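What the coordinates show
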Amino acid sequence: MTISIRSVEKKFGRYPALNHVDLEIADGELVALLGPSGSGKTTLLRTIAGLEFPDAGQVLFEGQDVTFASAAARRVGFVFQQYALFKHMTVARNIAFGLDVRKGKDKPPKAEIARRVDELLKLVELDGLGKRYPSQLSGGQRQRVALSRALAVQPSVLLLDEPFGALDATVRKSLRKELRRVHDATGVTTIFVTHDQEEALGLADRVAILNAGRIEQIGTPDEVHDNPATPFVCGFVGEANRFEGTVSGGRFTSGAVSFDANGVKDGAAVGFVRPHDLAPDDGGFEVRVDRVHVQGALASVSASTADGRHVEITASRAEAARFTGTIKLAARKSHVYPA
Amino acid sequence: MTAPTRAHARRPTDDPLWAKALVIGLVLAFLGLVLILPLAAVFAEALRKGLGPAVAAISTPDAWAAIKLTLITAAIAVPFNALFGLCAAWAIAKHDFPGKPLLITLIDLPFSVSPVVAGLIYVLVFGLQGWFGERLIDHDIKIIFAIPGIVLATIFVTFPFIARELIPLMQEQGVSEEEAAVSMGASGLYTFWRVTAPNVRWGLLYGVLLCNARAMGEFGAVSVVSGHIRGLTNTMPLHVEILYNEYDFVSAFAVAALLCLLAIVTLVLKSVLEIAQPDVKRGGGH
């Protein structure tokens, strides 16, 4: 199912939640909507689902206008952040709900529904738990039930709103793999919302980064990390040292800090360097090492320039020994944007 | 968390023992004086001449008529308010519409208006000199000084109980379960019966019990619209008043004791519910 979002706008009161958003999603893609809270990512997801109607713009499924079609008519599967399982129904009844509500010849026979429920429970590795109630399950299990309930109606698109937000780190990790596996097994076009960049970059085929109701950039995880289109994306995705300064003759300067800014026009600018793109270099700028913190194979170094600018560097553990006293640093790679 | 190992284990946030004793003592003394003592007095007075006269007092035709009328009134008012309360709570908690704050205020109106005023409203509207008075007489419909007036007044007074119980409950539960149901193709009505209603059933029952207790005990508003016709338009509270005014204390207290018993049964039911369903107040199904 291809999905096209065409200059969609949505306001809540006077606050614009979505501001001319355009987005094209290919069939079978796994796309993450990534952004800080209030960036409009959940509103965009709910607009795609048909749980929210836009003030302007169009939502197309497979080229068909579904802007004002109901969620049911769009055949979306929606997974809510807080699971939204029906508390008074067993797991099996929860999963069967979307089939149970059907009427007449659309409604599969009982045996068929039971078979489908078993199949889905197996898919999310919850076989044998069909008779339990949601309250008897752990958070991770509940979210798996929510996922299989959404899949039961064989949705044309699977939408997940911060699906792992309420879970602890270990469960998150395993559910992430689970979602990827389920996506690959079913091939259903999937869109999920998250504020966790690690989750977005680690799971999605493409990531759309939202800020203040706009899409700042959409691309593969590598693209948005290595070639951020805007200062916001650069600061939001991955770690980055941020400096405010000026560009002159292709060189960015911010006090003592200075690095390459090829192709950026002269004037005020903001420059970013990722911690792992900084390395000791005799031709670089001078910093004083404040602290070296070793975490497993990596060492993170805090340093500061003479004029008080703070710099974070990531190095391999073997290199950590070089970071003592006053050293000189140079940026292997940097991102500079006119301010 | 582990259970306290010592019987007198104190929590760091506890107040000193004497302060707790003082406060608890005060509350108990106050409750005893204004609640338990009068309640005991009702039963003591009723049984002063033994069980026989008390039973006789509630077996008179007038007393029976009052009991029946009270039960009929509650049997009409409570289901009506349950239906209204469900609708109002559903509309307020799950939807946004213009005028919502006004509706919430209106639901609270019966709590803030004196019951006498509540009764007078109906006299003014449906009474002989009221707005619809003449038209009602033309069609031979009696509302004031008849059962419909008593039911109306009772509905008015007990109107907020169920809605007030359900609104916070439904608001707390949010709309994501409903959204999930609708996104899977459930209709509005199906969603209401299969998702919304089961989630609030305990809260609803709790509200019904409270509403019922109040409906059976209502005096002020009913007194205005009833007309105090013995055997016809007297509810139990009104019957108690008449007997009392006639210095028939044993009968008055016997009927009052019966009324108290009905209320106590209701409250016991409520408590049993709370014990059986520790999260009744939160209304969850588990």
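Residues numbered from 1 in each chain as written. Chains lettered and ligands numbered in written order. Predicted model: local features only at pLDDT ≥ 70, side-chain atom pairs only at ≥ 80, totals over all residues.

Concerning the sheet that holds strand E10 (residues 214-219) of chain A
Residue and element names in this part refer to chain A. Ordered in space as E6-E7-E8-E3-E9-E10, the six strands form an open sheet in which the pairing is mixed. Every interior strand has two partners, whereas the edge strands, strand E6 (76-79) and E10, have only one. Sheet twist, expressed as the average angle between the axes of neighbouring strands with direction ignored, equals 15°. Examined bridge by bridge, strand E3 (residues 30-34) and strand E8 (residues 189-194) share five bridges and lie parallel to one another. In the sheet register, Leu30 faces E8, and the bridge partner there is Thr190. (Pairing = 2+ DSSP bridges. Helix = DSSP H or I, 4+ residues; strand = E, 2+ residues; numbered from the N terminus. Axes fitted to C-alpha atoms, helices over the stretch in contact; angles between N-to-C directions.)

Observations regarding the domain arrangement of chain A
Residue and element names in this part refer to chain A. Parsing chain A into structural domains produces domain 1 (3-234) and domain 2 (239-338). One C-alpha centre belongs to domain 1, the other to domain 2, and the line joining them spans 39 Å. The partner domain 2 presents five residues to the four residues of domain 1 that form the contact. Residue classes in the side of domain 1 that touches domain 2 are distributed as three nonpolar, one polar and no charged. (Domains from an automatic or database assignment. Contact = placed C-beta atoms within 7 Å. Nonpolar A, V, L, I, M, F, W, Y, C, P; charged D, E, K, R; others polar.)

Overview of the interface of chain A and chain B
At the interface, 19 residues of chain A touch 17 residues of chain B. Of all the elements in the fold, those that place two or more residues in the side of chain A that touches chain B are helix H2 (71-74), E6 and helix H3 (91-100) of chain A.

Side note on the nonpolar core
Formed by 102 residues in total, the largest nonpolar core has its most connected members in Leu159, Ala208 and Ile209 of chain A. Looking at which element gives the most residues to this core, the answer is helix H5 (residues 139-152) of chain A, with six residues. Listed in part, the 61 residues of the second largest apolar core include Leu69, Ile144, Leu243 and Leu258 of chain B. (Core = buried A, V, L, I, M, F, W, Y, C linked by C-beta atoms within 7 Å. Buried ≥ 20, exposed ≤ 12 C-beta atoms within 10 Å, placed from the backbone.)

Some remarks on the pairing of strand E14 (residues 267-273) of chain A
One face of the sheet, then the other: side chains in a regular strand alternate in exactly this way. All names here are of chain A. Summarising the sheet, strand E11 (residues 241-248) and E14 pair through seven bridges and their orientation is antiparallel. Bridge pairing in E14 places Glu244 opposite Val270. With four bridges connecting them, E14 and strand E19 (residues 335-338) associate as antiparallel partners. Of the residues in E19, the one forming a bridge with Val270 is Tyr337.

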